[in-house]
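Structural features, examined
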Amino acid sequence: MKKQRFWKGLWSYLMIVAGSALYALAFNWFFSPNDIAYGGVTGVAQAVNALLGAPSIGVLIILINVPLFLLGWRLLGGKTLVSSLAAMALSSLFIDLFASVHAFAPMEPLLACIFGGILTGSGLGLVLQQGATTGGTDLCARLLKLKLQWLPMGKLLLLLDLIVIALASAVFRDLHSALYGIVALYLSTLAIDVVLYGFDHAKVAYIISDHPDAISSAIVQSLDRGVTVLHGAGGYSGKEKKVLLCAFKQRQIVALKQVVNECDPTAFLIVCDAHEVLGDGFHPHGKNDI
């Protein structure tokens, strides 16, 4: 058991290192040389460095994050903060390290914001997947997530980072820099949610039919999905009805429609998006799920 925990912990920190390095590389490669305003503490550090010329962006990130981590220590607990401190320190050190090793040349700003947004989001997603943050607005978003559990992490980060971009654009006095930054942030949030929640979003179907037993059996046998029977009644007729509830993968939607149509062509079918489904046949429950 101890050996299993050791390897699991080692893998977690390796993912944090990889995510921090990817985030730093994307920032140095795409955002910094093209003067694209980025959100979060990194964006604040970028603006301060542009105004003062010193200290380095990595050092500024660490200095700004200190009060945020003191707050987070009380609200998130020591274990989460240790991994987050590691991620913040690593991403800051990687930013300064990559900048000292190689100076990336400017490129087409649109390409920079597209690929920079995707890569920074992927890096942040790897870090957040391990229950850590890189500090800054990532940490603020994780704190807010304790109260706003229904809101995806990517959307929380987008809201906070938009505020920072607005402030940074005022410092840079460059509207185009801010607009490119907004595009990059949007792509970053999409990449974060893909890493955290996956490409194959789940769906939920509500089925109202006069042949609920036949439909239920067909779904279980053909799609290998469980079905929950809800008891309802018609609002107009008052007649009792069985409502079938079924969570399934997005790629199974055509098969589900065919099953329902074959059993009862007059069935009432409602399909809704499900942000996340946890349990048997989907993602397992995790203690630090976000």
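Residues numbered from 1 in each chain as written. Predicted model: local features only at pLDDT ≥ 70, side-chain atom pairs only at ≥ 80, totals over all residues. Heavy atoms only, no water.

Observations concerning the overall build of the protein chain
Looking only at helices and strands, the protein chain has 10 helices and four strands in total. Mapped from its N terminus to its C terminus, the protein chain presents α and β elements in the order α-α-α-α-α-α-α-α-β-α-β-β-α-β. Taken across its 290 residues, the protein chain has 42% of its residues classed as buried. Of the roughly 15700 Å² that the protein chain leaves accessible, carbon and sulfur atoms contribute 65%. (Helix = DSSP H or I, 4+ residues; strand = E, 2+ residues; numbered from the N terminus. Buried < 20%, exposed > 50% of the residue type's maximum accessible area, 1.4 Å probe, protein only. Areas by Shrake-Rupley, 256 points an atom, 1.4 Å probe, with all protein chains shown as cover.)

Comments concerning the nonpolar core
Formed by 27 residues in total, the largest nonpolar core has its most connected members in F27, F31, Y38, I57, I61 and I95. Among the secondary structure elements, those contributing two or more residues to this core are α1 (2–31), α2 (40–52), α3 (57–76), α4 (78–101), α5 (109–129), α7 (153–172) and α8 (175–197). Beyond its immediate chain neighbours, meaning those up to four positions away, Y38 contacts Y23, F27, F31, G43, Q46, T120, L124, V164, I165, L185 and S188. Counting residues in hydrophobic clusters, the runner-up holds 14 residues, among them A205, L223, V227 and L256. (Core = buried A, V, L, I, M, F, W, Y, C linked by side-chain atoms within 4.5 Å. Contact = heavy atoms within 4.5 Å.)

As for the packing of aromatic side chains
Summed over all chains, the structure comprises four aromatic pairs. Centroid distance F27 to F31: 6.4 Å. Interplanar angle 45 degrees. Geometry classified as tilted. Taken together, the residues span about one helical turn, with F27 and F31 both in helix α1 at a distance of four residues. Ring centres of W29 and F30 lie 4.7 Å apart, and the angle between their planes is 20 degrees; on these two criteria the pair is classed as stacked. Judged by relative accessible area, which is 33%, W29 ranks as partly exposed. Connected via pairs of aromatic rings, a cluster forms that spans W29, F30 and F104. (Phe/Tyr/Trp six-rings, centres within 6.5 Å; stacked < 30°, edge-to-face > 60°.)

With respect to the packing of α1 against α5
Close contact between α1 and α5 brings their axes to 7 Å; oriented N to C, the two are set at 160 degrees. Taken together, α1 and α5 sit at an angle that is classed as roughly antiparallel. Judged by the sense of rotation from one axis to the other, the crossing of α1 with α5 is left-handed. Contact with α1, carried on its side by M15, I16, G19, S20, L22, Y23, A26, F27, F30 and F31, involves A112, C113, F115, G116, G117, L119, T120, S122, G123, L124, L126 and V127 of α5 and no other residues of that element. A breakdown of the residues in the contact of α1 with α5 according to their chemical character gives 15 nonpolar, seven polar and no charged. (Axes fitted to C-alpha atoms, helices over the stretch in contact; angles between N-to-C directions. Parallel < 35°, antiparallel > 145°, perpendicular 65-115°, else oblique. Left-handed = near helix turned anticlockwise from the far one by under 90°. Nonpolar A, V, L, I, M, F, W, Y, C, P; charged D, E, K, R; others polar.)

Digging into the sheet that holds strand β4 (residues 268–274)
A sheet is described by the order of its strands in space; here four strands give the open sequence β2-β3-β1-β4, paired in antiparallel fashion. Only two strands of the sheet have a single neighbouring strand rather than two, namely β2 (228–233) and β4. Pairwise comparison of adjacent strand axes, ignoring direction, gives a mean angle of 25 degrees for this sheet. Taken together, the seven bridges between strand β1 (residues 202–208) and strand β3 (residues 240–249) define a ladder with antiparallel strand orientation. Counterpart to A205 in the pairing with β3 is C246. With respect to the sheet, helix α9 (residues 212–223) is in contact with β1 and β3, its orientation differing from that of β3 by roughly 15 degrees. Together, β1, β3 and β4 form the strand contacts of helix α10 (residues 253–263), whose direction differs from that of β3 by roughly 155 degrees. (Pairing = 2+ DSSP bridges.)

Description of the side chain of S20
With respect to the helices and strands, the residue S20 is situated in helix α1. With near-sequence residues (within four places) excluded, S20 lies in contact with A87, L90, S91, F94 and V127.

Quick word on α5
Helix length check: α5 (21 residues) gives 29 Å between terminal C-alpha atoms against 30 Å at 1.5 Å per residue, within 8%. Among the residues making up α5, those that are buried are A112, C113, G116, G117, T120, G121, S122, G123, L124, G125, V127 and L128. Note on α5: the residue one or two positions beyond its end, G131, has a positive phi of about 80 degrees. (Expected span 1.5 Å × (residues − 1).)

Here we look at the environment of D35
Secondary-structure assignment places D35 in the loop between α1 and α2. Along the primary structure D35 and Y180 are separated by 145 residues, whereas in three dimensions their C-alpha atoms are 9.6 Å apart.

Quick word on the confidence of the model for the protein chain
Atom-level detail of predicted coordinates should not be read off regions where pLDDT is low. Of all residues in the protein chain, 85% attain a pLDDT of 70 or more, and the chain-wide mean is 79. Per-element confidence in the protein chain is highest for α5, whose mean pLDDT is 89, and lowest for helix α6 (residues 136–145), whose mean pLDDT is 69. (pLDDT = per-residue confidence, 0-100.)

Digging into the pattern of salt bridges
Two side chains of opposite charge can pair, provided their charged atoms sit close to one another. What the rule picks out here adds up to two salt bridges. We note a salt bridge from D213 to K242, for which the minimum N-O separation is 3.8 Å. Taken as a pair, D213 in helix α9 and K242 in strand β3 lie far apart in primary sequence, 29 residues in all. (Salt bridge = Lys/Arg side-chain N within 4 Å of Asp/Glu carboxyl O.)

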